[in-house]
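Single-letter residue listing:
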Amino acid sequence: MSAEFLTADLLQLPGLRHGFFTRNGGVSTGAFASLNCSLSGKDDAAAVRENRTRAAATLGLPHQALCGLTQVHGKRVVVAEEAWPEDQRPEADGVVTRRTGIALGIITGDCAPVLFADGHAGVIGGAHAGWRGAVLGVLEETILAMEGLGAARGDIVAVVGPCIHQASYEVAADLRDAVLARDPADARFFATGKRDGRWQFDLPGYCAARLSALGVAVSMLAHDTLADEARFFSHRRNTLAGGGPIGHQLSAIAIAD
């Protein structure tokens with residue numbers, strides 16, 4: 001069984017390969033079933049390696065070409081001049097490159113994976129956008145890093161991949177206050193919650209709006225990670241079920257050799 005993945009029309013550009021992978025098509029078992037690609041969980045290391053190998057192969061690349069991060073919910077973005085070893089992943093939430101043969105990988109469980117490309121300049125990027133990173137500016141920092149490699153903002157496209165959607169994402173005042181402290185107009189991304197003192201937050205819509213404000217063409221995949229248990233891991237779903245081990249899905253983009 002091959003790794004299952006989704007694609008986006010905006011990223012169907014000559015010389016580029018990408019995939020928003022689901023949880024299906026791997027070898028992990030139990031709570032990690034089956035395409036768990038996280039290096040920081042408690043899954044069997046050999047199973048994770050096989051899962052990541054399958055994902056990389058889908059992009060036409062070897063396992064060692066998959067270039068990931070130690071994600072920390074911040075806004076730091078790094079440039080990949082080559083694929084670093086898995087045990088030397090930098091602490092960052094965005095990565096960009098203009099090198100061929102490198103797959104930029106983002107790991108998520110409900111946060112938004114965002115893949116970027118400037119097909120004219122041959123520059124790509126990936127960002128891990130949880131609400132904290134999005135508020136801090138990781139998406140804007142990724143665009144700036146791409147421009148530093150020669151990308152032109154008007155030529156950059158971005159896709160917000162599968163993540164938790166508004167109907168599933170109940171939040172408290174701390175999150176809402178942090179978002180509104182940056183821009184009160186972003187109250188439009190909150191709907192009335194199902195409980196007092198709670199709101200429903202539109203994470204993909206918020207990310208897309210931040211990107212659109214930069215003049216970047218953007219689209220969103222309509223997949224809610226919490227709602228679709230058959231296809232996606234979800235940190236919030238796992239928490240609501242009482243916690244325990246959990247897998248994470250991969251989203252990746254590469255420039256073909």
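Residues numbered from 1 in each chain as written. Predicted model: local features only at pLDDT ≥ 70, side-chain atom pairs only at ≥ 80, totals over all residues. Heavy atoms only, no water.

1. Regarding the environment of isoleucine 164
- Mapping isoleucine 164 onto the fold places it in the loop between strand 9 (156-160) and strand 10 (170-171).
- Residues isoleucine 164 and leucine 226, spaced 62 residues apart in sequence, show a C-alpha to C-alpha distance of 5.8 Å.
- Residues within four places of isoleucine 164 in sequence aside, it is in contact with Asp110, Tyr169, Leu203, Pro204, Asp224, Thr225, Leu226 and Arg236. (Helix = DSSP H or I, 4+ residues; strand = E, 2+ residues; numbered from the N terminus. Contact = heavy atoms within 4.5 Å.)

2. Here we look at the packing of aromatic side chains
- Here the structure, examined in full by the defined rule, presents five aromatic pairs.
- An angle of 85 degrees between the planes, with centres 5.6 Å apart, marks the rings of phenylalanine 189 and tyrosine 206 as edge-to-face. Within this pair, whereas phenylalanine 189 is found in the loop between helix 4 (173-182) and strand 11 (190-192), its partner tyrosine 206 is found in helix 5 (residues 203-212), the two being separated by 17 residues in sequence.
- Considering the side-chain rings of phenylalanine 201 and tyrosine 206, the 5.6 Å spacing of their centres and the 55 degrees angle between planes classify their relative orientation as tilted. Residue phenylalanine 201 shares its accessibility class with tyrosine 206, and that shared class is buried.
- An aromatic cluster is defined as three or more aromatic residues linked by ring pairs; in this entry it consists of Tyr169, Phe189, Phe190, Phe201 and Tyr206.
- The side chain of arginine 176 reaches across the aromatic face of phenylalanine 190, ending 5.7 Å from its centre. (Phe/Tyr/Trp six-rings, centres within 6.5 Å; stacked < 30°, edge-to-face > 60°. Buried < 20%, exposed > 50% of the residue type's maximum accessible area, 1.4 Å probe, protein only. Lys NZ or Arg CZ within 6 Å of the ring centre and 35° of its normal.)

3. Considerations on the nonpolar core
- Ranked by size, the top nonpolar core spans 37 residues in total, and within it Val114, Phe116, Leu139 and Phe201 carry the most contacts.
- For this core, the elements supplying multiple residues, two or more each, are strand 7 (112-118), strand 8 (123-129), helix 2 (131-136), helix 3 (138-148), strand 9, helix 4 and helix 5.
- The element contributing the most residues to this core is helix 3, with five residues.
- Dropping the residues within four chain positions of it, phenylalanine 201 is found in contact with Trp131, His165, Gln166, Tyr169, Val171, Leu175, Val179, Phe189, Phe190 and Tyr206.
- Counting 24 residues, the second largest nonpolar core, distinct from the first, contains Cys67, Ile102, Val159 and Leu221. (Core = buried A, V, L, I, M, F, W, Y, C linked by side-chain atoms within 4.5 Å.)

4. Let's talk about the pattern of salt bridges
- In total, this model carries nine salt bridges according to the counting rule given.
- Residues arginine 231 and glutamate 4 are paired through a salt bridge, measuring 3.3 Å at the closest nitrogen-oxygen approach. With arginine 231 in the loop between strand 13 (217-220) and helix 6 (235-240) and glutamate 4 in the segment before strand 1 (5-6), the pair connects residues that are 227 residues apart, well separated along the chain.
- Assessed through its relative accessible area of 22%, arginine 231 is described here as partly exposed.
- When its relative accessible area of 25% is taken as the criterion, glutamate 4 is described as partly exposed.
- The salt bridge partner of arginine 182 is aspartate 186, with a shortest N-O separation of 3.2 Å.
- A relative accessible area of 39% places arginine 182 in the partly exposed class.
- On the accessibility criterion, aspartate 186 (3% relative accessible area) is buried.
- Because the salt bridges share partners, they merge into one network encompassing Arg182, Asp186 and Arg188. (Salt bridge = Lys/Arg side-chain N within 4 Å of Asp/Glu carboxyl O.)

5. Some details on the side chain of threonine 97
- Of note, threonine 97 is situated in strand 5 (residues 94-97).
- For threonine 97, a relative accessible area of 0% translates into the label buried.
- Separated by 3.1 Å, the side chain of threonine 97 and the backbone nitrogen of arginine 99 make a polar contact.
- Leaving out residues up to four positions away in the same chain, threonine 97 has contacts with Ala80, Ile102, Leu104, Gly122, Val123, Ile124, Leu149 and Ile255. (Polar contact = N/O pair within 3.5 Å; in protein donor to acceptor, adjacent residues only side chain to side chain.)

6. Some details on the packing of helix 3 against helix 5
- Taken N-terminus to C-terminus, the directions of helix 3 and helix 5 make an angle of 40 degrees; their axes are 9 Å apart at the nearest point. Judged by the inter-axis angle, helix 3 sits oblique to helix 5. Crossing hand, helix 3 versus helix 5: right-handed. On the side of helix 3, the interface is formed by Leu139, Glu140 and Ile143, while helix 5 contributes Cys207, Arg210 and Leu211.
- Partitioning the contact of helix 3 with helix 5 into residue classes produces four nonpolar, no polar and two charged. (Axes fitted to C-alpha atoms, helices over the stretch in contact; angles between N-to-C directions. Parallel < 35°, antiparallel > 145°, perpendicular 65-115°, else oblique. Left-handed = near helix turned anticlockwise from the far one by under 90°. Nonpolar A, V, L, I, M, F, W, Y, C, P; charged D, E, K, R; others polar.)

All quantities given are derived from atomic positions and should not be read as evidence of function.
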